[in-house]
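What follows is each chain in one-letter form.
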Amino acid sequence: MKHLLPIDTEQTISIIPREYTTDVTIILRDDSSNIETTLVPTSNISNDYLELSAVFTLKEGRFYDLKVIKTTNS
């Protein structure tokens, strides 16, 4: 479980990905409204973690599903 705050400044989460790439997109889904938001984070690989920094638009007291997907460039 990752804890993010309902603030309007950049926050960073660290994950251990299946594949180490910095070309990723975050899909954030609000469990209450079922609305998805797509974010393109600043990403960095550090000490075997993928660090993702973005401004998350969150509402207090809500739960969100977060998916990190590899961006495919055609």
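Now for a quick tour of the structure.

Conventions adopted
- Residues numbered from 1 in each chain as written.
- Predicted model: local features only at pLDDT ≥ 70, side-chain atom pairs only at ≥ 80, totals over all residues.
- Heavy atoms only, no water.
- Pairing = 2+ DSSP bridges.
- Helix = DSSP H or I, 4+ residues; strand = E, 2+ residues; numbered from the N terminus.
- Axes fitted to C-alpha atoms, helices over the stretch in contact; angles between N-to-C directions.
- Core = buried A, V, L, I, M, F, W, Y, C linked by side-chain atoms within 4.5 Å.
- Buried < 20%, exposed > 50% of the residue type's maximum accessible area, 1.4 Å probe, protein only.
- Contact = heavy atoms within 4.5 Å.
- Patch = residues over 30% accessible without salt bridge, like charges linked within 9 Å, V, L, I, M, F, W, Y side chains within 5 Å.
- Areas by Shrake-Rupley, 256 points an atom, 1.4 Å probe, with all protein chains shown as cover.
- Salt bridge = Lys/Arg side-chain N within 4 Å of Asp/Glu carboxyl O.

1. Topic: the sheet that holds strand β1 (residues 11-15)
So, step 1. In space, the 3 strands of this open sheet follow the order β1-β5-β4, with antiparallel pairing throughout. Two strands lie at the open edges of the sheet, namely β1 and β4 (42-46), each paired on one side alone. Ignoring strand direction, the axes of neighbouring strands in this sheet form an average angle of 20°.

2. Looking at the nonpolar core
So, step 1. Counting 11 residues, the largest nonpolar core consists of Ile 13, Ile 15, Val 24, Ile 26, Leu 28, Leu 39, Leu 50, Leu 52, Ala 54, Phe 56 and Leu 58.
So, step 2. Those elements giving two or more residues to this core turn out to be β1, β2 (24-30) and β5 (49-54).
So, step 3. Leaving out residues up to four positions away in the same chain, Phe 56 has contacts with Leu 4, Ile 7, Gln 11, Ile 26, Leu 28, Leu 39 and Leu 66.

3. Topic: the pairing of strand β3 (residues 36-39)
Remark: a regular strand shows side chains that alternate across the two faces of the sheet.
So, step 1. In this structure, β2 lies alongside β3, joined through 4 bridges in antiparallel fashion. If you follow Ile 26 over to β3, its bridge partner there is Leu 39.
So, step 2. Turn length for the β2-β3 hairpin, with the two strands adjacent in sequence and antiparallel, is 5 residues, and the turn residue Asn 34 shows positive phi of about 65°.

4. Describing a nonpolar patch on the surface
So, step 1. A cluster of nonpolar side chains, Ile 16, Tyr 20, Ile 45 and Tyr 49, forms an exposed patch at the surface whose accessible area comes to about 400 Å².
So, step 2. Relative to the helices and strands, Tyr 20 is located in the loop between β1 and β2.
So, step 3. Taking relative accessible area as the criterion, Tyr 20 reaches 40% and is therefore assigned partly exposed.

5. Concerning the sheet that holds strand β6 (residues 64-70)
So, step 1. Pairing is antiparallel across the open sheet formed by 3 strands, whose spatial order is β3-β2-β6. Whereas interior strands pair on both sides, the edge strands pair on one side only; in this sheet they are β3 and β6. Strand-to-strand twist in this sheet, taken as the mean axis angle between neighbours without regard to direction, amounts to 20°.

6. So, the environment of Glu 51
So, step 1. Its place among the elements puts Glu 51 in strand β5.
So, step 2. A relative accessible area of 25% means that Glu 51 is categorised as partly exposed.
So, step 3. Taking the C-alpha atoms as reference, Glu 51 lies 4.4 Å from Ser 14; in sequence the two are 37 residues apart.

7. Considerations on the pairing of β4
So, step 1. For β4 and β5, the ladder comprises 5 bridges, and the chain directions are antiparallel. In the strand pairing of β5, Ile 45 is matched with Leu 50.
So, step 2. Connecting β4 to the next strand, β5, in antiparallel fashion are 2 residues, including Asn 47 with a positive phi near 50°.

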